[in-house]
Amino acid sequence: MVENDGNDKKMEGSNPKKLKLVTFTGAAGLLGLAASFAIFAFKSHKEKSKKKGLPGCDSVCVNLSAREILELADEIISKSTRVHDAVALLPLNKLSYENVVMPLAEMEARQLPLIQCCVIPKMLSPQDNVRKASAEAEQRIDAHILSCRKREDVYRVIKTYAAKGESIAPEAKSYLQCLVRDFEHNGLNLTTIKRKEVERLRNEIDELSSRYVQNLNEDSSCLFFTELELAGLPLEFLQSLDKTQNKEFKLTLESSHVAAILELCKVAKTRKTVATAYGKRCGDANIPMLQKLVQSRHRLARLLGYAHFADYALDCRMSKTSTRVISFLEDISSSLTGLADREFSILKDLKRKEEGELPFGVEDLLYYIKRVEELQFDLDFGDIRQYFPISLVLPGIFKICQDLFGIKIEEAADTDVWYYDVRAFAVFDSGSGKLLGYFYLDMFTREGKFSHSCVVALQNNALFSNGSCQIPVALLIAQFAKDGGGEALPLGFSEVVNLFHEFGHVVQHICNRASFARFSGLRVVPDFREIPSQLLENWQREYDSGISRCYESFTLKLISGYRQDITKPLVDEVCKTLKRWRYSFSALKSLQEILYCLFDQYIYSDDNVDFHQLIRSLHPKVMLGLPVVEGTNPASCFPRAVIGSEATCYSRLWSEVFAADIYASKFGDGHPNLYAGMQFRDKVLAPGGGKDAMELLTSFLGREPSTEAFIDSLTKYTL
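Here the residue index of a chain counts from 1 through its sequence in written order. Restriction of local features to residues with pLDDT of at least 70 applies here, the model being predicted, together with a cutoff of 80 or more for giving and counting side-chain atom pairs; totals for whole chains, interfaces and linings are based on all residues. Heavy atoms throughout the structure, all of them, feed into the side-chain values; hydrogens and water do not.

Asks: Could you give an account of the UniProt feature "coiled-coil region" (unreviewed entry) in the protein chain, naming the residues involved and the relevant values?
Replies: UniProt positions are given in the numbering used here, feature names are shortened, and annotations may be inferred rather than shown by experiment. Annotation from UniProt places "coiled-coil region" (unreviewed entry) at residues 191-218. Runs of H or I in DSSP of at least four residues are treated as helices and runs of E of at least two as strands, each being numbered from the N terminus. Secondary structure over residues 191-218 splits into 96% helix and 0% strand, and the C-alpha atoms at its two ends are 40 Å apart.

Asks: An account of the sheet that holds strand S4 (residues 407-411) is requested, with residue identities and associated values reported.
Replies: The mixed open sheet is built from five strands, whose spatial order is S4-S5-S6-S10-S7. In this open sheet, the two edge strands, each paired with only one partner strand, are S4 and strand S7 (454-459). Averaged over all pairs of adjacent strands, the angle between strand axes in this sheet comes to 25°, irrespective of strand direction. Pairing geometry for S4 and strand S5 (residues 423-429), over five bridges, is antiparallel. Looking across to S5, one finds that Glu-410 is bridged to Ala-426. In this analysis, strands are considered paired if DSSP registers two or more bridges between them. A fitted line through C-alpha atoms represents every axis, and for helices the fit uses only the stretch in contact; the resulting angles, taken between N-to-C directions, go from 0 to 180 degrees.

Asks: Tell me what's going on with the pairing of strand S1 (residues 222-225), and back it up with residues and numbers.
Replies: Because side chains alternate across S1, one face comprises the buried residues Leu-223 and Phe-225, and the other comprises Cys-222 and Phe-224, none of which is buried. As defined by bridge partners, S1 adjoins strand S3 (residues 249-252) across four bridges and the pair is classed as antiparallel. Bridge pairing in S3 places Cys-222 opposite Thr-252. Each residue gets one of three labels from its accessible area relative to the maximum for its type: buried under 20%, exposed over 50%, partly exposed in between, using a 1.4 Å probe on protein chains only.

Asks: So, the side chain of Thr-270: which residues are in play, and what are the values?
Replies: Considering the arrangement of structural elements, one finds Thr-270 in helix H12 (residues 268-279). Judged by its relative accessible area of 3%, Thr-270 is buried. Contacts: residue pairs with any heavy atoms within 4.5 Å of one another. Setting aside chain neighbours within four positions, we find Thr-270 in contact with Phe-225, Glu-229, Leu-230, Ile-261 and Cys-265.

Asks: I'd like a rundown of the sheet that holds S3, residues and numbers included.
Replies: An order of S1-S3-S2 is seen for the three strands of this open sheet, with the pairing classed as antiparallel. Each edge of the open sheet is held by one strand with a lone partner, namely S1 and strand S2 (242-243). Where H12 meets the sheet, it contacts S1 and S3, and its direction lies at approximately 170° from that of S1.

Asks: So what about the packing of aromatic side chains? Which residues, and what values?
Replies: Centres within 6.5 Å make a pair out of two Phe, Tyr or Trp rings, where for Trp the six-membered ring is used; the pair is then stacked when the planes are under 30 degrees apart, edge-to-face when over 60, and tilted otherwise. Per the stated rule, a full pass over the model turns up 29 aromatic pairs. A centroid spacing of 5.4 Å and a plane angle of 75° characterise the contact between Tyr-306 and Tyr-312, whose relative ring orientation is edge-to-face. Just as Tyr-306 is buried, Tyr-312 falls in that class too. Ring geometry for Trp-418 versus Tyr-440: centroids 5.2 Å apart, planes at 55°, classification tilted. Here the residue Trp-418 occupies a position in the loop between S4 and S5, and Tyr-440 occupies one in strand S6 (residues 435-444), the gap between them amounting to 22 residues. Judged by relative accessible area, Tyr-440 falls into the buried class, the value being 1%. What links up through ring pairs into an aromatic cluster is the set Tyr-306, Phe-309, Tyr-312 and Tyr-604. Whether a charge lies above a ring is judged from NZ of Lys or CZ of Arg, which has to be within 6 Å of the ring centre and within 35 degrees of the ring normal. When the ring centre of Phe-464 is taken as origin, the NZ or CZ atom of Arg-110, which lies over that ring, is 3.7 Å away. In this structure, Lys-482 packs its charged tip against the face of Phe-444, placed 4.7 Å from the ring centre.

Asks: Describe in detail the pairing of S3, supporting the description with residues and values.
Replies: Of the two faces of S3, the one lined by Phe-249 and Leu-251 is fully buried and the one lined by Lys-250 and Thr-252 carries no buried residue. The loop that links S2 with its antiparallel partner S3 comprises five residues; one of these, Lys-247, has a positive phi angle of about 70°.

Asks: How would you sum up the pattern of salt bridges? Please name residues and give values.
Replies: Take a side-chain nitrogen of Lys or Arg and a carboxyl oxygen of Asp or Glu: if they are within 4 Å of each other, that pair is a salt bridge. If you walk through the whole model with that rule in mind, you get 42 salt bridges. With a closest N to O distance of 3.4 Å, Asp-128 and Arg-131 form a salt bridge. Taken together, the residues span about one helical turn, with Asp-128 and Arg-131 both in helix H6 (residues 128-148) at a distance of three residues. For Asp-128, a relative accessible area of 40% corresponds to the partly exposed category. On the basis of relative accessible area, Arg-131 is assigned to the buried category, the value being 17%. Between Glu-355 and Arg-271 there is a salt bridge; the shortest N-O distance is 2.9 Å. Linking Glu-355 in helix H15 (residues 322-355) with Arg-271 in helix H12, this pair joins segments that are 84 residues apart in sequence. By sharing partners, the salt bridges in this structure join Glu-108, Asp-182, Arg-518 and Arg-523 into a single network.

Next up, the structure:
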């Protein structure tokens, strides 16, 4: 997961009390005003600190007080306003790249680390008053950025300059197009009446989306079962449930409860009852609400010049159009049908043996997948955990990335951090020794800390008009545990997978050399953003020793050099089983994902879609004839299609498919290949969002990306 950087608020600022309030109209004056963002480097704070900040990164300050955060937020807003005011006052007959585009680009680049200094403490600070100040600062900055994107005077200047058609560098041209689009997506190119309608629709969409999710969060539905009806559930799970006076167990429709039933309960009737109740949640309220929401999004898209909402949502992605996404999904679905049929036959045979001739329903999938895994794989994940102390896993991950991408990672000791166990590292090019960037690791859970794993950009790469360069700084947030004595516990299987994946985003951020902060770091098109991390996952799958698909198994191979006595038995005896386990029923699981991706795409690419009819026809078509659970509809409880991934649910699968193609084509022998890794670093990671993502991949591969390697990877280790 990466921080959603679609909001351009991650920027920079300065102290208006130390700068004269002057109106600048010339290019030199504007650039001077933009550059003054760098002047305020938290000098007073750093004078008080006994530790040092990152060399050359004065704008990255990680330990501001609540008062300093709020003061800095006001300074950011004040300086940003002055830059926008100065651009707005430019005479329309004297516009140039130097006085229109460059000041805005440099302001954006310099603002990013300062804004992050304001908003990141909300996620990480151990102090409650600092977290509250950070949240307040974020609200102020968000409101300011939105108001800037609605400034008609600034839009008029930018649009007039764009219309001149001056010859500028390709990346600069892309940035100019982004500036224009920022304003026009807020309706600045429309009449006043239509612009007001855009704003009304956006408010309506926000309200409907929030209510939809709120309904799900507040749903208190529950079911009651006897102990016999919950046969197969572990004792500790049953003990966690409330009981009625007649000794029935109360089961809520929280996802953890539902997953336990669908995976472990031996009673088919109970599984179906729970699946039905879960799939009908909030249906009476949420289905008509989603219908209204979809129509509002279609109207918004049409006002902004698109045929429907899906094309609006996909315009800035690799896929570009809904037609292409649907074709992509249907192609994979068709290619997986044969393998999925074989997997399904295994499940049906086992159900027949255990339950007789009862029909197989979609509610049986998770249970019988789990049963087959229990029967065919002898894996003790608790035992495997001992082989993954973080003190060995982290150096192993570093070594993989160093060997593959030609980088060198060194710890930056005695650096100012926001919590005692946070660590900072510098990344160098292994050939030239040039400093490429920095990253922080905040690895362990604590009270008040953000509860998910992700990578956040603290500062993006950028080149300035005076020839100076701003280097990237990343932050990896993880959620690993410590024991009662404060010692790090060994990592679980999935935790190592997650750490390797997230570190792929760190490498992506550090290796991006785009000239504009808008295209640097992780600010690439969203359906490209996961490809580098997915590539590293694919790179583990074919290692010669039979190490499993997931990265942690490959990490075992690396760290076996440190602890041969521990890791060699695991590699020899378990890794082949791990590989088969990771691939088990992968076709059926992929079809389930494709089903929801298609549902999401269809409702946002056509008018007046009948949700009930759509799922009734789509479900058996994709899921090998299995009908949808009677009375259920994903439209009632599908928050991804409402907030965050509307019309873009396909994106994760898209990244995985193309990462598999890159891996099979360039890294297929499973060994670290420095030449291919450097080619990927230079041709794909370095340009970032400044070049078309599909063109980058096509250039690297020497052809257009294909789905073939992904299909082959799923069929290689079938049961």
